[in-house]
Amino acid sequence: MLAAERTVLDWPFPRTVSGCPASVLAELREAPPCAVRLPAGAAESRRAWLVTKHADVKQALKDPRLSADELLPDAPVRIQLPPGERPSSFLRMDDPEHGRLRGMIATEFTARRVRALRPAVQRLVDDLLDDLAAHDGRRADLHDTFSRKLPTLVIARLLGVPDEDSPWFIEKTQVTIAQGDPERSYAAYTEMSAYLGELATRKLTEPQDDLMSRLAHDHMATGHIGLDELVGIARLVLVAGHETTTNQIALNILSLLKDDALRAKVLAGDGALVPQYIEESMRYWSISQDAIVRLVTEELELGGVTMRAGDAVVISIPAANHDPSVFPDPDRIDVDRDTSKHLQWGNGPHFCQGAPLARLEMDLALRGLFGRFPTLRLDTDDPNSLFRIGTVFHGVTHLPVAW
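Every chain's residues receive numbers from 1 upward, in the order its sequence appears when written. Only residues with pLDDT of at least 70 get local features here, since the model is predicted, and only at 80 or more are side-chain atom pairs given and counted; chain-wide, interface and lining totals rely on the full set of residues. With hydrogens and water set aside, each side-chain value is computed from the structure's full complement of heavy atoms.

1. Some details on the overall build of the chain
Rule in force here: Starting at the N terminus, helices and strands are each numbered in turn, a helix being any DSSP run of H or I of at least four residues and a strand any DSSP run of E of at least two. Here's how the labels work: a residue is buried when its accessible area is under 20% of the maximum for its type, exposed when over 50%, partly exposed in between, all with a 1.4 Å probe on protein chains only. By the convention used here, residues are in contact when the closest approach between their heavy atoms is within 4.5 Å. Accessible surface area values rest on a Shrake-Rupley calculation with a 1.4 Å probe, where residue burial reflects the displayed protein chains alone. As used throughout, the charge tally considers Lys and Arg to be positive and Asp and Glu to be negative, leaving His and the chain termini uncounted. Charge coordinates come from a single atom per side chain, which is NZ of Lys, CZ of Arg, CG of Asp or CD of Glu.
Each helix and strand counted, the chain has 14 helices and eleven strands in total. For the chain, buried positions account for 55% of its 403 residues. Restricting the contact set of the chain to residue pairs at least 6 apart, pairs at least 24 apart contribute 72%. A total of about 17200 Å² of accessible surface is found on the chain, and carbon and sulfur atoms cover 53% of it. Each charge sign in the chain was given a centre, from 45 positive and 58 negative side chains, and these centres are 4 Å apart.

So, in structure tokens, the structure goes:
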């Protein structure tokens, strides 16, 4: 088990005032994995190893001796939801069950499928920007009117959730992943699950061209999955598909609004640097800040430390993405750097399936917004006051702009 004599730090670590990953991570990268104390909530407080070096994080993400199964005895908890009879989604499963369920939606996020979605996403971008242009006073909260709405509508339509229910899902998702009140989070999680269960059942008799209908007819009706498994898949797609992309789009925009030189460089000409900027911004912000926890099922050596069966492990994506041995001068955005090794999409069997769709949304959002509003500027004297605090995914609470 974790050595008792080691200094134990309270985890998670708050971001810096400017929204960057905690500065203590830079110090911890200079040493072997250290012990941290996970907060109490849906599970009791306990110790865990914190993995910070890029090479160690990359290894940990794909090592089969580190289990994601949240139902194993002593499995660590980050999102404070009490475990049910089954894992909350295949994200919290190991193979072969993880691969079986993940494979049921693989075709929804292929490059070919995403290319086919491009016209629909572009229309959404255009419609939202039309609404933004109609705002009185040429001022608006861009997060509320654009960066939050776009991914939510995209993923809701992909699933088959009616547009009018999207605001409700935004609220329930934010409450679910907030960490201040576990009971309230669980209530929102339960409401969301009940809604998706009713929707899946309705899709059996009223199918449409959407993911929920295909899951219901191709997999639930044939007995390959039960209703709870279908709901778990849909809930994961909905939450991950809009919460992460929502905040990344907002932060991509914020970085360009704060730095005129960066903005000019990224948007120059036909915007050839936009895709590279998106990857670098993802590395820099590393919004999946502390959500990845694992349980050691078989003794292993990681980062020079012996981790034994039953130990908990926290895998820090922000620390890895700011490792100067891989990304020199990591605490600044550099669109000329090689970002191919950033780990924001994950690594190994849990690599993000939605990456192609998220990239498309981020690309069209930046091109559309700054093409339509070339004079866009931040409408606040304190950009550092915009960031969310105490959430699993980093982001902003609002994004006031003028043009």
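From this point, the discussion proceeds with the structure in view.
2. Let's talk about the sheet that holds strand β4 (residues 66-67)
Test applied: Paired strands are those between which DSSP finds at least two bridges.
What the six strands build is an open sheet, ordered β1-β2-β3-β9-β6-β4; its pairing is mixed. Of all strands in the sheet, those with a lone pairing partner are β1 (8-10) and β4, marking the two edges. Pairing geometry for β1 and strand β2 (residues 34-38), over three bridges, is parallel. Looking at β2, one finds that leucine 9 is bridged to valine 36.

3. Things to note about the pairing of strand β6 (residues 292-296)
Counted residue by residue, β6 has five buried out of five residues, so it is predominantly covered. The side-chain alternation of β6 yields two buried faces, one formed by Ile292, Arg294 and Val296 and the other by Val293 and Leu295. Looking at chain direction, β4 and β6 are connected through two bridges and run antiparallel. Paired with leucine 66 across the bridge in β6 is valine 296. The sheet contact formed by β6 and strand β9 (residues 312-315) spans four bridges and is antiparallel. By the bridge assignment for β9, leucine 295 is matched with alanine 312.

4. What to know about the packing of aromatic side chains
Here is the rule: Stacked, edge-to-face and tilted labels apply to pairs of Phe, Tyr and Trp rings (six-membered ring for Trp) whose centres lie within 6.5 Å, assigned for plane angles under 30 degrees, over 60, and everything in between, in that order.
Applying the stated criterion across every chain yields a total of five aromatic pairs. With 5.5 Å between their ring centres and 40° between their planes, tryptophan 168 and tyrosine 195 make a pair best called tilted. Placement of the pair is tryptophan 168 in helix α7 (residues 166-177) and tyrosine 195 in helix α8 (residues 182-205), with a sequence separation of 27 residues. Relative accessible area serves as the criterion here: at 27%, tryptophan 168 is assigned to the partly exposed category. Under the relative-accessibility criterion, tyrosine 195 is labelled buried at 17%.

5. Focus: the packing of helix α10 (residues 227-258) against helix α12 (residues 274-285)
Formally: Lines fitted to C-alpha atoms define the axes here, with helix axes fitted over just the stretch in contact, and angles between the N-to-C directions of these axes take values from 0 to 180 degrees. For classification purposes, an angle smaller than 35 degrees is called roughly parallel, one larger than 145 roughly antiparallel, one from 65 to 115 roughly perpendicular, and anything else oblique. The classification used treats Ala, Val, Leu, Ile, Met, Phe, Trp, Tyr, Cys and Pro as nonpolar, Asp, Glu, Lys and Arg as charged, and all other residues, Gly among them, as polar.
For the pair α10 and α12, the least separation of the axes is 10 Å and the interaxial angle reads 100°. Judged by the inter-axis angle, α10 sits roughly perpendicular to α12. Contacts between α10 and α12 involve Gln248, Leu251, Asn252, Ser255 and Leu256 from the first element and Tyr277, Ile278, Ser281, Met282 and Trp285 from the second. Of the residues in the contact of α10 with α12, the class split is six nonpolar, four polar and no charged.

6. Looking at unusual backbone geometry
Cis geometry is found at the peptide bond from tryptophan 11 to proline 12, where omega equals 5°. Positionally, proline 12 belongs in the loop between β1 and α1 (24-28). Of note, the bond from aspartate 95 into proline 96 is cis; its omega dihedral lies within 30 degrees of zero at 10°. Within the secondary structure, proline 96 is located in the loop between β4 and α3 (97-102).

7. A word on the pattern of salt bridges
Counted only if it meets this: Salt bridges are identified by distance alone: a Lys or Arg side-chain nitrogen within 4 Å of an Asp or Glu carboxyl oxygen.
For the structure on display, the rule yields 22 salt bridges. The partner of arginine 113 in a salt bridge is glutamate 108, with the nearest N and O atoms 3.9 Å apart. On the basis of relative accessible area, glutamate 108 is assigned to the buried category, the value being 5%. Notably, a salt bridge pairs arginine 372 with aspartate 130, separated by 2.7 Å at the nearest N-O pair. One end of the pair, arginine 372, is in helix α14 (residues 355-372); the other, aspartate 130, is in helix α4 (residues 111-133), and 242 residues separate them in sequence. Connected through salt bridges with shared partners, the residues Glu108, Arg113, Asp209 and Arg214 form a single ionic network.

8. Considerations on the sheet that holds strand β11 (residues 400-402)
Read from one edge to the other, the open sheet built from three strands follows the order β5-β11-β10, with strand pairing classed as antiparallel. Where the open sheet ends on each side, the last strands, each with one partner, are β5 (139-141) and β10 (377-378). Relative to β11, β10 is paired through two bridges, and the arrangement is antiparallel. Bridge pairing in β11 links arginine 377 to alanine 402.

9. Description of the packing of α10 against helix α11 (residues 260-267)
Packed helices, taken two at a time, are described by the angle between their axes plus the distance between the axes. The geometry of α10 relative to α11 is characterised by a closest axis approach of 5 Å and an angle of 115° between their N-to-C directions. Along the contact surface, α10 presents Ser255, Leu256, Leu257 and Lys258, while α11 presents Asp260, Leu262, Arg263 and Val266. Classifying every residue of the contact of α10 with α11 by side-chain character gives four nonpolar, one polar and three charged.

10. Quick look at the pairing of β2
In terms of burial, β2 is largely enclosed, as four of its five residues are buried. Where β2 meets strand β3 (residues 46-51), five bridges bridge the pair, whose relative direction is antiparallel. Bridge pairing links leucine 38 to arginine 46 in β3.

11. Re α10
Applicable threshold: For a helix, the expected span equals 1.5 Å multiplied by the residue count minus one.
Between its first and last C-alpha atoms α10 spans 46 Å; for 32 residues at 1.5 Å apiece the expected length is 46 Å, and the two agree. Summarising burial for α10: 27 of the 32 residues are buried, a large majority.

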